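Coordinate analysis (summary)
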Amino acid sequence: MKNAVFFDIDGTLWDEKMYIPESTASAIRKLRENGNYAFLCSGRTRANIYAKELMEDIGFDGIIAGCGTYIEYHGDVVFEELISEEAAERLLSFLQECKIPVVLEGHSCLYADMEDFLDDLYILNLKQQLGDLFLPLADYKYINKFTANLKNGIKEQMIERLSGEYELLFHEGQYVEGIPKGFSKASGIRWICDYLNIAHKNTYAFGDSVNDLDMLAYVQNGVAMGNAADCAKEAADYVTAGLHEDGIFLGLKHFSLI
């Protein structure tokens, strides 16, 4: 039976400059040549997964995007969960009341008011990369998740108001991701494995951060990158070398997948 390997993107496949080591690209190509599945499994929504270096130069069998809220297999959309218009209105009402900057993330576009992020280099760079796919907040539609900036420091209030509807993932620094309740990278992996009849014993995942914890814990063999956060290393079954030290190649080699 085929093995299925799920790869986080940021901090796992590429670094903050979107550099992918050649050893990573060649290892994943070899993984697939050996008859295994390779999937992207990202917190990014589909609109924010576009790079030729990922989609063409390496190539993947499918994409789990938006922390399990959107799934593609061989280019076809096979599953999607959207935040309803009513839920989005409640969310925006709360965030605007608390003056919390937010990016709404969908399968086609991202939405934000850029005046709220003038000092946020990550969001400014994202806007530049996505161009016309990054639209004003008022234009939102078909959204899967959100990312908010907690610089106003109201974490406890956010938990109280939003945790009934969303899984809240608090990252180091000031960002929090909100995903519809019950969805995660692990739920996306479970769905595609059921869809393709992949046995749990044949599942592997590579990750590095807080939104990879459920994925690393769920699969049979969770692999943390050497550059991963401590929480990811603790959740993993194996810690490979860092992204720039051939970590993907060595991790796949460790499990005899290449």
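Residues numbered from 1 in each chain as written. Predicted model: local features only at pLDDT ≥ 70, side-chain atom pairs only at ≥ 80, totals over all residues. Heavy atoms only, no water.

What about the overall build of the chain?
- When you go through the chain residue by residue, the secondary structure sums to 9 helices and 14 strands.
- Relative to a compact globule of 258 residues, whose C-alpha radius of gyration would be 18 Å, the chain shows 18 Å and is just as compact.
- Counting only C-alpha atoms and orienting by the principal axes, one finds that the chain spans roughly 55 × 35 × 35 Å.
- Taking the contacts inside the chain whose residues are at least 6 apart along the sequence as the reference set, 61% of them involve residues at least 24 apart.
- When the accessible surface of the chain is summed, it comes to about 11500 Å², and 48% of that surface belongs to carbon and sulfur atoms.
- Across the chain, 22 positive and 41 negative side-chain charges occur, with their mean positions spaced 4 Å apart. (Helix = DSSP H or I, 4+ residues; strand = E, 2+ residues; numbered from the N terminus. Rg over C-alpha atoms; globule rule 2.2 N^0.38 Å. Contact = heavy atoms within 4.5 Å. Areas by Shrake-Rupley, 256 points an atom, 1.4 Å probe, with all protein chains shown as cover. Lys, Arg positive; Asp, Glu negative; His and termini not counted. Charge placed at Lys NZ, Arg CZ, Asp CG, Glu CD.)

Observations regarding helix α1 (residues 22–33)
- The terminal C-alpha atoms of α1, which comprises 12 residues, lie 16 Å apart, in line with the 16 Å expected from a rise of 1.5 Å per residue.
- Buried residues of α1: S23, T24, A25, A27, I28 and L31, and no others.
- For α1, the secondary structure elements touched by its buried residues are β1 (4–7), β2 (37–41) and α9 (247–254).
- The first or second residue beyond α1 is G35, which carries a positive phi of 95 degrees. (Expected span 1.5 Å × (residues − 1). Buried < 20%, exposed > 50% of the residue type's maximum accessible area, 1.4 Å probe, protein only.)

Observations regarding the packing of α1 against α9
- One way to put it is that α1 packs onto α9 with a least axis distance of 7 Å and a crossing angle of 30 degrees. The residues of α9 that touch α1, namely those facing S23, T24, A27, I28 and L31, are I248, F249 and L252.
- Of the residues in the contact of α1 with α9, the class split is 6 nonpolar, 2 polar and no charged. (Axes fitted to C-alpha atoms, helices over the stretch in contact; angles between N-to-C directions. Nonpolar A, V, L, I, M, F, W, Y, C, P; charged D, E, K, R; others polar.)

A short note on the packing of aromatic side chains
- Under the definition given, this model contains 13 aromatic pairs.
- For the pair F146 and Y166, a centre-to-centre distance of 5.3 Å together with 85 degrees between the ring planes defines the contact as edge-to-face. Linking F146 in strand β9 (residues 143–149) with Y166 in strand β10 (residues 166–170), this pair joins segments that are 20 residues apart in sequence.
- Through successive ring pairs, a cluster of aromatic residues spans F6, Y37, F39, Y73, F79, F183, W191 and Y195.
- A cation over an aromatic ring shows up here: K2 above the ring of Y37, its NZ or CZ 4.3 Å from the ring centre.
- One cation-aromatic arrangement involves K155 over F170; the distance from NZ or CZ to the ring centre is 4.6 Å. (Phe/Tyr/Trp six-rings, centres within 6.5 Å; stacked < 30°, edge-to-face > 60°. Lys NZ or Arg CZ within 6 Å of the ring centre and 35° of its normal.)

Notes on helix α3 (residues 85–97)
- In a regular helix each residue adds 1.5 Å, so 13 residues correspond to 18 Å; α3 covers 18 Å between its end C-alpha atoms and thus fits that length.
- Considered for burial, the residues of α3 that qualify are A87, A88, L91, L92, F94 and L95. Taken around the axis of α3, the buried residues stretch over an arc of 165 degrees, which confines them to a single face. Of the exposed residues in α3, those oriented more than 90 degrees away from the buried face are E85 and Q96.
- Here the buried face of α3 lies against β6 (102–106), β9, α5 (155–162) and β10.
- The first or second residue beyond α3 is K99, which carries a positive phi of 55 degrees. (Arc of directions from axis to C-beta.)

Overview of the pairing of β10
- With 5 bridges connecting them, β10 and strand β11 (residues 175–180) associate as antiparallel partners. When the bridges of β11 are listed, L168 appears paired with G178.
- Hairpin connection of β10 to β11: 4 residues between the antiparallel strands, including G173 at a positive phi of 95 degrees. (Pairing = 2+ DSSP bridges.)

Considerations on the side chain of N36
- Examined against the element boundaries, N36 turns out to sit in the loop between α1 and β2.
- Only 3.1 Å separates the side chain of N36 from the side chain of N3, close enough to count as a polar contact.
- Once residues within four sequence positions are removed from consideration, N36 is found in contact with N3, L31, D61 and L257. (Polar contact = N/O pair within 3.5 Å; in protein donor to acceptor, adjacent residues only side chain to side chain.)

Here we look at the packing of α3 against α5
- Close contact between α3 and α5 brings their axes to 12 Å; oriented N to C, the two are set at 160 degrees. Classed by the angle they form, the pair α3 and α5 counts as roughly antiparallel. Judged by the sense of rotation from one axis to the other, the crossing of α3 with α5 is right-handed. Contacts from L91, F94, L95 and E97 of α3 reach α5 at Q157, M158, R161 and L162. (Parallel < 35°, antiparallel > 145°, perpendicular 65-115°, else oblique. Left-handed = near helix turned anticlockwise from the far one by under 90°.)

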